Amino acid sequence: MRRRVVAGNWKMNMIPAEAAAFAASLCDGLKETDAEVHVIPPFTDIAVVADALKGTDVFIGSQNMYHEDKGAFTGEISADMLNGLGVHSVIIGHSERRTIFSEDDTMINRKVVKALEKGLVPILCCGESLETREAGNVSEWISGQIESAFAGVGENDASKVIIAYEPIWAIGTGKVATTGQAQEVCHLIREKIKELYGEKVSEDIRILYGGSVKAENSSELFDCPDIDGGLIGGASLKPEFLDIVNA
Ligand code: PGA
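Owing to the predicted nature of the structure, the values given are computational and were not obtained by experimental measurement. (Residues numbered from 1 in each chain as written. Predicted model: local features only at pLDDT ≥ 70, side-chain atom pairs only at ≥ 80, totals over all residues. Heavy atoms only, no water.)

Regarding the overall build of the protein
Then comes step 1: A tally of regular secondary structure across the protein gives 12 helices and eight strands.
Then comes step 2: When the backbone C-alpha atoms are referred to their principal axes, the protein occupies close to 45 × 45 × 35 Å.
Then comes step 3: Residue burial in the protein is summarised as follows: out of 247 residues, 52% are buried.
Then comes step 4: Contacts in the protein between residues far apart in sequence, at least 24 positions, make up 72% of those at least 6 positions apart.
Then comes step 5: Carbon and sulfur atoms make up 51% of the accessible area of the protein, which amounts to about 11,100 Å² in all.
Then comes step 6: Computing the positive centroid from 23 side-chain charges and the negative centroid from 38, the protein places the two 3 Å apart. (Helix = DSSP H or I, 4+ residues; strand = E, 2+ residues; numbered from the N terminus. Buried < 20%, exposed > 50% of the residue type's maximum accessible area, 1.4 Å probe, protein only. Contact = heavy atoms within 4.5 Å. Areas by Shrake-Rupley, 256 points an atom, 1.4 Å probe, with all protein chains shown as cover. Lys, Arg positive; Asp, Glu negative; His and termini not counted. Charge placed at Lys NZ, Arg CZ, Asp CG, Glu CD.)

Set out below in structure tokens:
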């Protein structure tokens, strides 16, 4: 049985005082869940959020990291720095990083490999644009993203990765994929993992859906056989996050 995951990606929101207060308000609700919850604030809020969530089993995540160990990389944050703050997981290859910050498949693969080497859990994002969907190329696109992100990742490490399928057209737009669309692509991802690593890894790996997940659509999405939880953006900044965790 795969343990369910709900991860809240706060994106570039909240100063430390706001983050601490909001995390504290979630604390009691998060103590009661069986799900694996990741709270993923901006770098500058990680320390205060970790402190506010002490006493819960919640994991703290980071929204990004750089693939080099140290050195002249102004503005970047290394895996060791995240480990030093007690961070557990790191989002890699979010579509906002790919499009706004021009991260390509090679860089994303390097980050996945480095995160695993340093004991961090990559939450690897993949997803297609509306254009790709309308051209009928979803399967090819997603397979390509998965294959390149996992290059050089061994069988022992592969199932540690959490994959998030996030159709770009559904992120922050209020346009959620239908359960049929979400399940179809999550299944395809599992099949791709099977092709790369075999049955056992494909059955163990967790695959999340992300893109306009809300309290009201979460149970239906999480009931799909290949969807093991969600990566939540906008709704993770509201008390509603607890309803999604409970779903
Ligand atoms: P959203 O974002 O829930 O606001 O659509 C999801 C994400 O970008 O991870």
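Structural notes on unusual backbone geometry
Then comes step 1: In this model, Met14 sits at a positive phi of 80°, which is unusual for a non-glycine residue.
Then comes step 2: One can find Met14 in the loop between strand E1 (5-9) and helix H1 (16-31).
Then comes step 3: For Met14, a relative accessible area of 23% gives the class partly exposed.

Looking at the site of the ligand
Then comes step 1: Taken together, 13 residues sit near the ligand, with Lys11, His94, Glu166, Gly172 and Ser212 positioned nearest.
Then comes step 2: Gly172 is positioned such that a nitrogen or oxygen atom in its backbone is 2.7 Å from an oxygen atom of the ligand.
Then comes step 3: Measuring from an oxygen atom of the ligand, one finds a backbone N or O atom of Ser212 at 2.7 Å.
Then comes step 4: In the complex, the protein chains occlude 95% of the 280 Å² of accessible area that the ligand would expose alone.
Then comes step 5: Of the residues contributing to the shell around the ligand, the split by class is four nonpolar, seven polar and two charged. (Near = heavy atom within 4 Å. Polar contact = N/O pair within 3.5 Å; in protein donor to acceptor, adjacent residues only side chain to side chain. Nonpolar A, V, L, I, M, F, W, Y, C, P; charged D, E, K, R; others polar.)

Some words on the state of the cysteines
Then comes step 1: For the structure on display, the rule yields zero disulfides.
Then comes step 2: Cysteine Cys126 is unpaired, with the sulfur of Cys125 as its nearest cysteine sulfur at 7.7 Å.
Then comes step 3: Classification of Cys126 by relative accessible area gives buried; the value is 3%.
Then comes step 4: Not part of a disulfide, Cys224 finds its nearest cysteine sulfur in Cys186, a span of 7.9 Å. (Disulfide = S-S within 2.5 Å.)

Looking at the sheet that holds strand E3 (residues 59-62)
Then comes step 1: Around the barrel, which closes on itself, the eight strands sit in the order E1-E2-E3-E4-E5-E6-E7-E8 with parallel pairing between neighbours. Between one strand and the next, the sheet's axes are offset by a mean angle of 25°, whatever the strand orientation.
Then comes step 2: Sheet topology note: the E1/strand E2 (residues 36-40) ladder contains five bridges and is parallel. Counterpart to Asn9 in the pairing with E2 is Ile40. (Pairing = 2+ DSSP bridges. Axes fitted to C-alpha atoms, helices over the stretch in contact; angles between N-to-C directions.)

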